[in-house]
Amino acid sequence: MNNTPKYIVDGFGRVHDYLRISLTERCNLRCFYCMPEEGIELRDKSEFMTSEEVLFIAKKYVELGVKKIRLTGGEPLIKKNAEELIRELGKLPVELSITTNAILVNQFIDVFKEAGIKAINVSLDSLKTDKIDDISRRNYGDRILSNINLLIDNGFKVKVNAVVMKGVNDNEIIDFIEWTKDKAITVRFIEFMPFGGNKWSWDKKITQQQMLDKVYNFYPKANVVDIESKPNDTAVNFHIKGYKGSFGIISTLTNPFCKTCNRIRLTADGKIKNCLFSNDETNLLSSLRKGDDIVPLMISSIQNKKKERAGITSFNDVESEGIFLKNRSMTTIGG
Ligand code: SF4
């Protein structure tokens, strides 16, 4: 009798049916809040999942009820044979999507369409080319902005993720919202979070409330319309009356949304992180290469998940520091 469960459920009854796969730790940008200044340790490629291993593990997760797969990185589109892998993943019975910095998307429009990708998240922290280049320590600002337009013109549902940092881009919140006036785009403002090497500190963040204060100081309250959240939504969403697009706020620091968490993260080196902040990782890749059955590990890694933020009670107290300061850098997690 086959006792394999149909779904992966944690100790709090949360069904985990959304898999985020990091295809690579490498990136063609050097955003200071994601990639440590000194870069990341370049490891032998044998330590990372091959495309065949990504596909194998993804298929196993689909058998365990995964309904949505998001490809992340580093920058997923720089992975060798990314085109072929995306096409193969597109054949799985899941909603396939991707988070990218958009530098290379002009070369992938047809691949995305063939793979059935309809929704694309783009990481972008400013609308000013010089500031984009400052934050990312590369000069692709113009290309990223024009490629976002290319994605919209090709009918993709585009969400732009902007990490809001005090004194860096918190003065652009209204500019981003005004960008949604004539553009059917969703901008999500993300509270700046601590990850390995990103020099985070509590005083560098802008909270959800501070962002909303800026919104209500600029727009008449009646013009700011709440958008009802869907079950596993990470953002609280709004739109300005008459505007084509919308905006949202993802506030893990000050308003965690862990109650409905359905996310599983597979890192590029084949480890399962059952939470963005968890340091307890399960090594699927080494078991797979030993020829072991990885399903029990896939299930147990989620059963051991903590209720909220890997046990971090607050990002503003020393106790929790021991957890979040030990975490990987964002580029080696995949967001
Ligand atoms: S912090 Fe962890 S538990 Fe909470 S929503 Fe994010 S991944 Fe899920």
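Structure: above.
To keep things clear, this report deals only with the structure shown in the data block. Quick caveat: nothing in here was measured; it's all calculated off a predicted structure.

**Here's the deal with the overall build of the protein chain**
When its secondary structure is counted, the protein chain shows ten helices and twelve strands. The C-alpha radius of gyration computed for the protein chain amounts to 19 Å, which stays within 12% of the reference 20 Å derived for 335 residues, consistent with globular compactness. For the C-alpha atoms alone, the extent of the protein chain along its principal axes is close to 60 × 45 × 40 Å. Taking as baseline every contact in the protein chain between residues at least 6 positions apart, the subset at least 24 positions apart corresponds to 73%. For the protein chain, the exposed area adds up to about 15200 Å²; of that, 51% sits on carbon and sulfur atoms. Put simply, the protein chain has 50 plus and 44 minus side-chain charges, and the middle of one group is 3 Å from the middle of the other.

**Comments concerning the nonpolar core**
Core analysis: the largest hydrophobic core is formed by 105 residues, its most contacted members being I21, Y61, I69, I86, F112 and F189. No other element matches the six residues that helix α1 (residues 51–63) contributes to this core. Beyond its immediate chain neighbours, meaning those up to four positions away, I86 contacts L71, L77, L96, F108, V111, F112, A115 and I117.

**Here's the deal with the packing of aromatic side chains**
By the definition in use, this model includes eleven aromatic pairs. With a centroid separation of 6.1 Å and an interplanar angle of 65°, the aromatic rings of F176 and W179 are classed as edge-to-face. With a gap of three residues between them, F176 and W179 both fall in helix α6 (residues 173–179), about one helical turn apart. Both residues of the pair, F176 and W179, count as buried. Between Y219 and Y243, the ring centres sit 6.3 Å apart and the planes meet at 85°, which makes this aromatic pair edge-to-face.

**Re the pairing of strand β6 (residues 186–191)**
Most of β6 sits out of view: six of its six residues are buried. What you see with β6 is no split at all: T186, R188 and I190 on one side and V187, F189 and E191 on the other are buried throughout. In this structure, strand β5 (residues 157–164) lies alongside β6, joined through six bridges in parallel fashion. In the sheet register, N161 faces β6, and the bridge partner there is R188. The parallel pair β5 and β6, bridged by α6, forms a crossover whose chirality is right-handed. In terms of strand pairing, β6 meets strand β9 (residues 246–250) through five bridges, oriented parallel. Directly across from F189, in β9, lies its bridge partner I249.

**Remarks on the pattern of salt bridges**
Overall, the coordinates contain 17 salt bridges when judged by the stated rule. Across the pair E84 and R87 runs a salt bridge whose closest N-O atoms are separated by 3.6 Å. Highlighted residues: E84 and R87, both in helix α2 (residues 82–89), separated by three residues, approximately one helical turn. The exposure class of E84 is partly exposed, given its relative accessible area of 41%.

**Some remarks on α2**
Along α2, the residues classified as buried are A82, L85, I86 and L89. One side of α2 holds all its buried residues, which, seen down the axis, span an arc of 100°.

**Overview of the site of the ligand**
The immediate surroundings of the ligand are formed by F257, C258, C261, R263, R265, C275, L276, F277, K305 and R309. Its residues placed into classes, the shell around the ligand shows six nonpolar, no polar and four charged.

**Section: the packing of α1 against α2**
Orientation of α1 relative to α2, taken along the N-to-C sense of each, is 15°, at an axis distance of 10 Å. Taken together, the axes of α1 and α2 are roughly parallel relative to one another. In the packing of α1 onto α2, the handedness of the crossing is right-handed. Mapping the contact onto sequence places S51, V54, L55 and A58 in α1 and L85, E88 and L89 in α2. Class assignment for the residues of the contact of α1 with α2 results in five nonpolar, one polar and one charged.

**A closer look at the environment of V122**
Its location among the elements puts V122 in strand β4 (residues 119–123). On the accessibility criterion, V122 (0% relative accessible area) is buried.

**Considering the side chain of N147**
Locating N147 in the fold gives a position in helix α5 (residues 141–153). On the accessibility criterion, N147 (6% relative accessible area) is buried. A polar contact of 3.1 Å, which involves the side chain of N147, links it to the side chain of N106. Not counting chain neighbours up to four residues away, the residues in contact with N147 comprise A102, I103, L104, V105 and N106.

The rules behind each value
Residues numbered from 1 in each chain as written. Predicted model: local features only at pLDDT ≥ 70, side-chain atom pairs only at ≥ 80, totals over all residues. Heavy atoms only, no water. Helix = DSSP H or I, 4+ residues; strand = E, 2+ residues; numbered from the N terminus. Rg over C-alpha atoms; globule rule 2.2 N^0.38 Å. Contact = heavy atoms within 4.5 Å. Areas by Shrake-Rupley, 256 points an atom, 1.4 Å probe, with all protein chains shown as cover. Lys, Arg positive; Asp, Glu negative; His and termini not counted. Charge placed at Lys NZ, Arg CZ, Asp CG, Glu CD. Core = buried A, V, L, I, M, F, W, Y, C linked by side-chain atoms within 4.5 Å. Buried < 20%, exposed > 50% of the residue type's maximum accessible area, 1.4 Å probe, protein only. Phe/Tyr/Trp six-rings, centres within 6.5 Å; stacked < 30°, edge-to-face > 60°. Pairing = 2+ DSSP bridges. Right-handed = clockwise from strand over helix to strand, strands pointing away. Salt bridge = Lys/Arg side-chain N within 4 Å of Asp/Glu carboxyl O. Arc of directions from axis to C-beta. Near = heavy atom within 4 Å. Nonpolar A, V, L, I, M, F, W, Y, C, P; charged D, E, K, R; others polar. Axes fitted to C-alpha atoms, helices over the stretch in contact; angles between N-to-C directions. Parallel < 35°, antiparallel > 145°, perpendicular 65-115°, else oblique. Left-handed = near helix turned anticlockwise from the far one by under 90°. Polar contact = N/O pair within 3.5 Å; in protein donor to acceptor, adjacent residues only side chain to side chain.

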